[in-house]
Structure formats: structure tokens, C-alpha cells
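A structural walkthrough
Listed here are the chains, written in short residue letters.
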Amino acid sequence: HAMQEYIISRPKLLALSDNMKEIEIESAEKVQANGRYDLVVTYTDADMQMIAELKKGEIDKKAYNQLNNYLNAEQSKSEDEKFEYGLLLL
């Protein structure tokens, strides 16, 4: 949990590029069941928002399958409904 708290207290760690450095964590909710944090992050200099999960430990098969399902569902959407997904490992 210390690493999760460290990241939340230092949002600049979530910078995605030199053009995306102005970062605000709009909300951070701890999910008690598995110890993850759900974040809503705003990149004010890029006019973009991101939903992030901070999970402790390694990405296991269940987490991998969840990411894979998101990506597969995204491929079937029309262009105006699509979101971008990514994985940021720290």
C-alpha cells in the first residue's frame, strides 16, 4: 500500500509525455476487497482524462484477462464510442 500512496501523493509520476505533465488526481477510491485504488486523473495541459487502477503485486492471469476483455470490447465499438486503453507499469 505504501507504493500506491506514494503514487497518489505524487501525481507527476503518471505523466505520459512531456506534453502531459499538468496532472490532477480528481478522485482516488480504495477498493477494500482487493486493495486496489481506482483513480480519475486529469491531464489539464492535454485536455484529457484517464481512469486508472493501481493494483498491488504482479499482474496475474485474472488481471491480464480483464485487460484483454476491455481491448476486445473496444475493437467492436464504432469510432465515436471508442476510448483509448493502455498499461502503465511503474
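Look above for the structure.
Here is what the cut-offs are and how they apply
- Residues numbered from 1 in each chain as written.
- Predicted model: local features only at pLDDT ≥ 70, side-chain atom pairs only at ≥ 80, totals over all residues.
- Heavy atoms only, no water.
- Helix = DSSP H or I, 4+ residues; strand = E, 2+ residues; numbered from the N terminus.
- Buried < 20%, exposed > 50% of the residue type's maximum accessible area, 1.4 Å probe, protein only.
- Contact = heavy atoms within 4.5 Å.
- Core = buried A, V, L, I, M, F, W, Y, C linked by side-chain atoms within 4.5 Å.
- Patch = residues over 30% accessible without salt bridge, like charges linked within 9 Å, V, L, I, M, F, W, Y side chains within 5 Å.
- Areas by Shrake-Rupley, 256 points an atom, 1.4 Å probe, with all protein chains shown as cover.
- Salt bridge = Lys/Arg side-chain N within 4 Å of Asp/Glu carboxyl O.
- Lys, Arg positive; Asp, Glu negative; His and termini not counted.
- Charge placed at Lys NZ, Arg CZ, Asp CG, Glu CD.

Okay, the environment of Asn19 next. Note on placement: Asn19 falls in the loop between helix H1 (2–9) and strand E1 (23–31). On the accessibility criterion, Asn19 (60% relative accessible area) is exposed. Each C-alpha atom of the pair Asn19 and Asp45 lies 7.0 Å from the other, and the pair is 26 residues apart in sequence. The residues contacting Asn19, other than those within four sequence positions of it, are Asp45 and Ala46.

Residues Ile7, Leu14, Met20, Ile23, Tyr37, Leu39, Val41, Tyr43, Ala52 and Leu54 constitute the largest nonpolar core, which totals 10 residues. Per-element tally for this core: the top contributor is strand E2 (residues 36–43), with 4 residues. Discounting chain neighbours no more than four positions away, the residues touching Leu39 are Ile8, Leu14, Ile25, Ser27, Ala28, Met50, Ile51, Ala52 and Leu54.

Where like charges cluster on the molecular surface, the negative patch consists of Glu22, Glu24, Glu26 and Asp45. Among the structural elements, Asp45 can be located in the loop between E2 and strand E3 (48–54).

In this section: a nonpolar patch on the surface. A surface patch of nonpolar side chains, amounting to about 300 Å² of accessible area, comprises Met3, Tyr6 and Leu13. Within the secondary structure, Met3 is located in helix H1. Judged by relative accessible area, Met3 falls into the exposed class, the value being 57%.

Honestly, that's just the spatial picture; any functional story needs more than this.
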